[in-house]
Amino acid sequence: MRYVKDVALVIRSKNAGPYELTFDLMFPSAEVYNEVKDAITKEKVAALYKIEESKVLSIIHFAPAHAVKITIVRPRPSGDLGETDVYGAQQHTPLFELTY
Amino acid sequence: MTELRVLSPTAILGYGFPLASFQAGLERNPHVIAVDAGSTDPGPYYLGSGESFTQRSAVKRDLRYMIDAALQRKIPLIIGTAGGSGAKPHVDWNLAIIEEILVELKKEAQIAVIYSDIDRDILLQELKNGRVKPLGPVAELTEEDILASTNIVAQMGLEPIMEAIEKGAEIIVSGRAYDPTVFAALPVLKGFDMALALHMGKILECAAIAANPGSGSDCLMGTIGADSFILETLNSERECTRLSVAAHTLYEKSDPYSLPGPGGTLDLHGTTFEQLPGGRVRVAGTKFVPTDGYFLKLEGASLLGYRTISIAGVRDPIMISQIDEIIERVKDRVADNFQDLKDYQLHVHCYGKNGVMGELEPHPAPGHELGLVIEAVAPTQEIADTICSFARSTMLHYGYPGRKATAGNLAFPYSPSDVSAGAVYKFSIYHLLQVDDPKSLFPVKMGRSGL
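The model shown is predicted, which means the values in this text are computed figures rather than measured ones.

1. Quick notes on the overall build of chain B
Piece 1. Of regular secondary structure, chain B possesses 13 helices and 19 strands.
Piece 2. Counting only C-alpha atoms, chain B reaches 80 × 50 × 50 Å along its principal axes.
Piece 3. Looking at the 451 residues of chain B, the share that counts as buried comes to 50%.
Piece 4. Sequence-distant contacts, at least 24 apart, represent 76% of the contacts inside chain B between residues at least 6 apart.

The following block contains the structure:
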């Protein structure tokens, strides 16, 4: 078992519009990308964030950038009452625990 | 015309650019200078309040160089989502800056203004007609949402901007516009492939963010040809790489293969990214798939109330071990004390525990000290001040079980400890509106300005 964070170049989060939060994981080469991509599942992401699997909207493999993109429903629309991160830029760290 | 060059000076109007890069861009003889001024990222306040999220002096600095260069070279300058959110107050704010610059430059210009505000009555009617639907994980739109919204805009497509170019505008100031449009309008008007033009615009709208190293405050040049477009930086310190351009396609979107916009979707399944010498990248193969019906993205924001905050630290480990319970008891005390005030919200952000991630935090274990932000939002500033003040003083002296530090529970960095933070807005509309005519909601107004 290895950690995805140890082979990823980029692990980041950001709003994709005010209602969704999107995560990009980019890898240094097609080889690493191909080795890791299928290990990133909705089930694992839901478990890491302790959210229902239905809140994980999509996991998309984007070969041109050696990247895997995960999109989840924002806990609340950006800037609504109780907001903690208007831009959604610091919601990525649970993904540091992803393994493959 | 076999190729057309588009200069994107900066990622957001007001974010700046090195003059050397801008000059290098001008030396390549661009056919148009285009800049995106908008984003929903800074949150609902700016659309709701009508204020810009960028500073006036920074916007004026950027625009002064762009206007001067565009008028001298007789090429159009196109501004998208003026004022940050693109509603009428934002557009008018930007127009006033342009007028000021033209007077200072002693120049005159033909200006096209394209407002993007959507009339409430029209939208109420379209809602009844079943022509409005949610966009993503959003609830159905209601009449109340429409009536409560202070500003409602729709993202225009290419068509109104192309009309403004055809009418001879030297400066086009558009309200809310689909980001790529200001870059793609001239190429499409000149007969270049719409899919390629829009995809090029999608990258140019963030300027050098798509380069390596990326920057939101540096220029990017796009050159479109018959079957591809080429991106290049204008600063030797950064270059476009195959990976940096491909990776940018991921940015702030949920699906990099399928980028929806007015009238259709960009399909990137067949897109190729090819590295060229000199830090340039060629992109080809992108397709445009028209949607069944022409849909515009609507955005609206409404007033939630007024906010007051108080910032305080906690160092006592006995208190920290009970912090959730203490916060709940303080909320109960406030509710009990102000039983006639129902419409307020009281929230305590707990930095050092889950202040950054809230309910998404998988490990809400507190550190050795906590930073609290006590936040009250209420229908008036006075009520928000009252609730925040009472919550703060209650927490300061709250007698939790096992307390040894009986003089006070909170460390305040400031006197006064409370800050009245003003109006609070929320996104109220994020929906699609089906229209028959892409232009009817975006009339192009022409006029001369300056001197």
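2. Points about the overall build of chain A
Piece 1. The secondary structure content of chain A amounts to 2 helices and 4 strands.
Piece 2. Order of helices (α) and strands (β) in chain A, N terminus to C terminus: β-β-α-α-β-β.
Piece 3. A globule of 100 residues ought to have a C-alpha radius of gyration of about 13 Å, and chain A, at 13 Å, matches this closely.
Piece 4. Based on the C-alpha atoms only, the size of chain A along its principal axes is roughly 45 × 25 × 20 Å.
Piece 5. Counting over 100 residues, chain A shows a buried share of 45%.
Piece 6. Pairs at least 24 residues apart make up 56% of the contacts formed inside chain A by residues separated by at least 6 positions.

3. Comments concerning the sheet that holds strand β13 (residues 280-284) of chain B
Residues and elements named next belong to chain B.
Piece 1. The strand order β12-β13-β9-β8-β1-β2-β3-β7-β4-β19 describes an open sheet built from 10 strands, whose pairing is mixed. Each edge of the sheet is formed by a strand with only one pairing partner; in this case those strands are β12 (272-276) and β19 (444-450). Averaged over all pairs of adjacent strands, the angle between strand axes in this sheet comes to 20°, irrespective of strand direction.
Piece 2. As paired elements, strand β3 (residues 77-80) and strand β7 (residues 171-174) share 3 bridges and run parallel to each other. Its bridge partner lying in β7, Leu77 is registered against Ile171.
Piece 3. Packing against the sheet, helix α4 (residues 88-105) makes contact with β3, β4 (108-114), β7 and β19, and its axis sits at approximately 35° to β19.
Piece 4. Sitting on the sheet, helix α7 (residues 158-166) is in contact with β3, β4, β7 and β19, with an inclination near 155° to β4.

4. Re helix α1 (residues 19-27) of chain B
All names here are of chain B.
Piece 1. Those residues of α1 that sit buried are Ser21, Phe22, Gly25 and Leu26. Summarising the axial view, the buried residues of α1 lie within an arc of 140°, below the 170-degree limit, and thus occupy one face. More than 90 degrees from the buried face of α1, the exposed residues found are Leu19 and Glu27.
Piece 2. Buried residues belonging to α1 abut β1 (4-8), α3 (56-73) and β8 (220-224).
Piece 3. Residue Asn29 follows α1 closely and has a positive phi angle near 55°.

5. Comments concerning the pairing of β8(B)
Residue and element names in this part refer to chain B.
Piece 1. Taking burial as the measure, the 5 residues of β8 include 5 buried ones, the bulk of the element.
Piece 2. Sheet topology places β1 next to β8; 5 bridges connect them, and they run antiparallel. Residue pairing for β8: Arg5 is matched across the bridge by Thr223.
Piece 3. As paired elements, β8 and strand β9 (residues 229-233) share 5 bridges and run antiparallel to each other. Note that in β9 the partner of Met221 across the bridge is Glu232.
Piece 4. Between β8 and the antiparallel strand that follows it, β9, lie 4 residues.

6. Describing the environment of Val35(B)
All names here are of chain B.
Piece 1. Considering the arrangement of structural elements, one finds Val35 in strand β2 (residues 32-36).
Piece 2. In sequence terms Val35 and Glu205 are 170 residues apart; their C-alpha atoms lie 6.8 Å from each other.
Piece 3. Beyond its immediate chain neighbours, meaning those up to four positions away, Val35 contacts Ser8, Pro9, Thr10, Leu13, Met66 and Ile79.

7. Some points on the packing of helix α12 (residues 323-337) of chain B against helix α13 (residues 381-396) of chain B
Residue and element names in this part refer to chain B.
Piece 1. Contact geometry of α12 with α13 gives a least axis separation of 9 Å together with a crossing angle of 130°. Accordingly, the angle class assigned to the pair α12 and α13 is oblique. Handedness of the crossing formed by α12 with α13: right-handed. Contacts between α12 and α13 involve Ile326, Val330, Arg333, Val334 and Asn337 from the former and Ile387, Phe390, Ala391, Thr394 and Met395 from the latter.
Piece 2. Here the contact of α12 with α13 is built from residues that sort into 7 nonpolar, 2 polar and 1 charged.

8. Overview of the packing of α7(B) against helix α8 (residues 181-189) of chain B
All names here are of chain B.
Piece 1. Look at α7 against α8: their axes get within 9 Å of each other, and the N-to-C directions meet at 60°. By the angle class used here, α7 and α8 are oblique. In terms of crossing hand, the pair formed by α7 and α8 is right-handed. Of α8, the residues touching α7 (which contributes Leu158, Ile161, Met162, Ile165 and Glu166) are Thr181, Val182, Ala184, Ala185, Leu186, Val188 and Leu189.
Piece 2. Its residues assigned to classes, the contact of α7 with α8 comprises 10 nonpolar, 1 polar and 1 charged.

9. Observations concerning the interface of chain A and chain B
Piece 1. The interface of chain A with chain B comprises 37 residues on the first partner and 37 residues on the second.
Piece 2. Of all elements in the fold, only β1 (10-15), β2 (20-26), α2 (42-49), β3 (56-62) and β4 (67-73) of chain A reach the threshold of two or more residues within the side of chain A that touches chain B.
Piece 3. Partitioning the side of chain A that touches chain B into residue classes produces 19 nonpolar, 11 polar and 7 charged.

10. Points about the domain arrangement of chain B
Piece 1. We note that the domain assignment places domain 1 (4-299 + 430-450) and domain 2 (316-410) within chain B.
Piece 2. Here the C-alpha centroids of domain 1 of chain B and domain 2 of chain B sit 43 Å apart.

11. Thoughts on the environment of Glu104(B)
Piece 1. Counting through the fold element by element, Glu104(B) comes out in helix α4.
Piece 2. Separated by 180 residues in the primary sequence, Glu104(B) and Ala284(B) have C-alpha atoms spaced 43 Å apart.

12. Details of α4(B)
All names here are of chain B.
Piece 1. The end-to-end C-alpha distance of α4 is 25 Å, a good match for the 26 Å that 18 residues give at a rise of 1.5 Å each.
Piece 2. Of all the positions in α4, only His90, Val91, Asn94, Ile97, Ile98, Ile101 and Leu102 are classed as buried. Mapping the buried residues of α4 onto a view down its axis gives an arc of 135°, with all of them on the same face.
Piece 3. For α4, the secondary structure elements touched by its buried residues are α3, β3, β4, β7 and β19.
Piece 4. Positive phi appears at Lys106, one or two residues downstream of α4, with a value of about 55°.

Scoring rules and cut-offs
Residues numbered from 1 in each chain as written. Chains lettered and ligands numbered in written order. Predicted model: local features only at pLDDT ≥ 70, side-chain atom pairs only at ≥ 80, totals over all residues. Helix = DSSP H or I, 4+ residues; strand = E, 2+ residues; numbered from the N terminus. Buried ≥ 20, exposed ≤ 12 C-beta atoms within 10 Å, placed from the backbone. Contact = placed C-beta atoms within 7 Å. Rg over C-alpha atoms; globule rule 2.2 N^0.38 Å. Pairing = 2+ DSSP bridges. Axes fitted to C-alpha atoms, helices over the stretch in contact; angles between N-to-C directions. Arc of directions from axis to C-beta. Parallel < 35°, antiparallel > 145°, perpendicular 65-115°, else oblique. Left-handed = near helix turned anticlockwise from the far one by under 90°. Nonpolar A, V, L, I, M, F, W, Y, C, P; charged D, E, K, R; others polar. Domains from an automatic or database assignment. Expected span 1.5 Å × (residues − 1).

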